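Chain and residue survey
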Amino acid sequence: MKNMNAVAQTTQTLRVLHVEDDFADAMLLQQALCDAGGYEFELEVVRTLNDAKRKLARRQFDLIIVDLRLPDSIDPTDTVRTAEKIAKGTPVLVLTGSARVDAEALGAHLTILDKNEFFNGKDRTASFRLMRKVQDAADDALHL
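Calculation criteria
Sequence order as written defines the numbering, with residues in each chain counted from 1. Totals for whole chains, interfaces and linings use all residues, but because this is a predicted model, local features are given only for residues with pLDDT of at least 70 and pairs of side-chain atoms are given and counted only at 80 or more. Working from all heavy atoms in the structure, the side-chain values ignore hydrogens and water. Secondary structure elements follow DSSP: runs of H or I no shorter than four residues count as helices, runs of E no shorter than two count as strands, and numbering proceeds from the N terminus. Exposure classes here rest on a 1.4 Å probe applied to the protein chains alone. A residue is buried below 20% of its type maximum, exposed above 50%, and partly exposed in between. Contact between two residues is taken to exist if any of their heavy atoms lie within 4.5 Å; hydrogens are not considered. Computed with a 1.4 Å probe, the accessible areas rest on the Shrake-Rupley method; for each residue, only the protein chains presented here act as cover. Throughout, the protein atoms alone are placed on a 1 Å grid, and a set of points is a cavity if a 1.4 Å probe fits but cannot get out or a pocket if it is open with protein on both sides within 12 Å along at least five of seven lines; lining residues have an atom within 4 Å of a point. Grid points are joined across faces, edges and corners, and a volume is the space filled by probe spheres set on the points. Classification convention: Asp, Glu, Lys, Arg as charged; Ala, Val, Leu, Ile, Met, Phe, Trp, Tyr, Cys, Pro as nonpolar; all other residues, Gly among them, as polar. For salt bridges, the criterion is a side-chain nitrogen of Lys or Arg within 4 Å of an Asp or Glu carboxyl oxygen. UniProt positions are given in the numbering used here, feature names are shortened, and annotations may be inferred rather than shown by experiment.

1. Here's the deal with the overall build of the protein
A tally of helices and strands in the protein yields 7 helices and 5 strands. For the protein, buried positions account for 45% of its 144 residues. A fraction of 69% describes how many contacts in the protein between residues 6 or more apart in sequence connect residues 24 or more apart. As displayed, the protein has an accessible area near 8000 Å², and 49% of this comes from carbon and sulfur atoms.

2. Digging into the layout of surface pockets
What the largest pocket holds in volume is close to 300 Å³. Lys53, Leu56, Ile86, Ala87 and Lys88 are, among the 17 residues lining the largest pocket, the residues nearest its centre. Of all the elements in the fold, those that place two or more residues in the lining of the largest pocket are helix 3 (49–58) and helix 4 (76–87). Grouping the constituent residues of the lining of the largest pocket by class yields 6 nonpolar, 5 polar and 6 charged. Taken as a whole, the second largest pocket holds about 200 Å³ of empty space. Taken together, 13 residues form the lining of the second largest pocket, with Pro91, Val92, His109, Thr111 and Ala137 sitting closest to its centre. Of all elements in the fold, only strand 4 (92–96) and helix 7 (126–142) reach the threshold of two or more residues within the lining of the second largest pocket.

3. Some details on the pattern of salt bridges
On inspection of all chains with the given rule, the structure shows 5 salt bridges. For arginine 59, the salt bridge goes to glutamate 42, with nearest N and O atoms at 2.2 Å. Note that arginine 59 is positioned in the loop between helix 3 and strand 3 (63–66) and glutamate 42 in strand 2 (residues 40–46), a separation of 17 residues in sequence. The class for arginine 59 is partly exposed, based on a relative accessible area of 25%. Between arginine 59 and glutamate 44 there is a salt bridge whose closest N-O contact spans 2.1 Å. On the criterion of sequence distance, the pair formed by arginine 59 in the loop between helix 3 and strand 3 and glutamate 44 in strand 2 is long-range, its members being 15 residues apart. We classify glutamate 44 as partly exposed; its relative accessible area is 21%.

4. Side note on the UniProt feature "modified residue: 4-aspartylphosphate" (unreviewed entry) in the protein
Within the UniProt annotation, "modified residue: 4-aspartylphosphate" (unreviewed entry) is assigned to Asp67. Residue position: aspartate 67 is located in the loop between strand 3 and helix 4. We classify aspartate 67 as buried; its relative accessible area is 7%. Look past the residues within four positions of aspartate 67 in its chain and what remains in contact with it is Val19, Glu20, Asp21, Thr79, Leu95, Thr96, Gly97 and Lys115.

Have a look at this one:
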């Protein structure tokens, strides 16, 4: 595990595409990442996989964070399959409210995080733990 200070001193901007149809959850992720510090972020939010596909056709991202149930894909397996296809090798991190239900069926190759664990408002360390997970995914993506 890397020293948090070493990661915090990273000057590279991490470009993240967040595929999330719930505005409040998108804001919670943004707030958690800002609270925790670390990377400089460019966070863009889209509501559907189709929107993500259009965005990815025009711009490259370092990491994609996707919810499992979206207006154009409510089946978690289909959502992951589609997200990985449109990601074209960009790492995909799943942040969902149904992680406990869906994790086993989706496979061990995915990092699946439960929104309920990080956005409950009671745990003051939740933002830092979420940031650590995002940093780990980013480190893999950026080969730091």
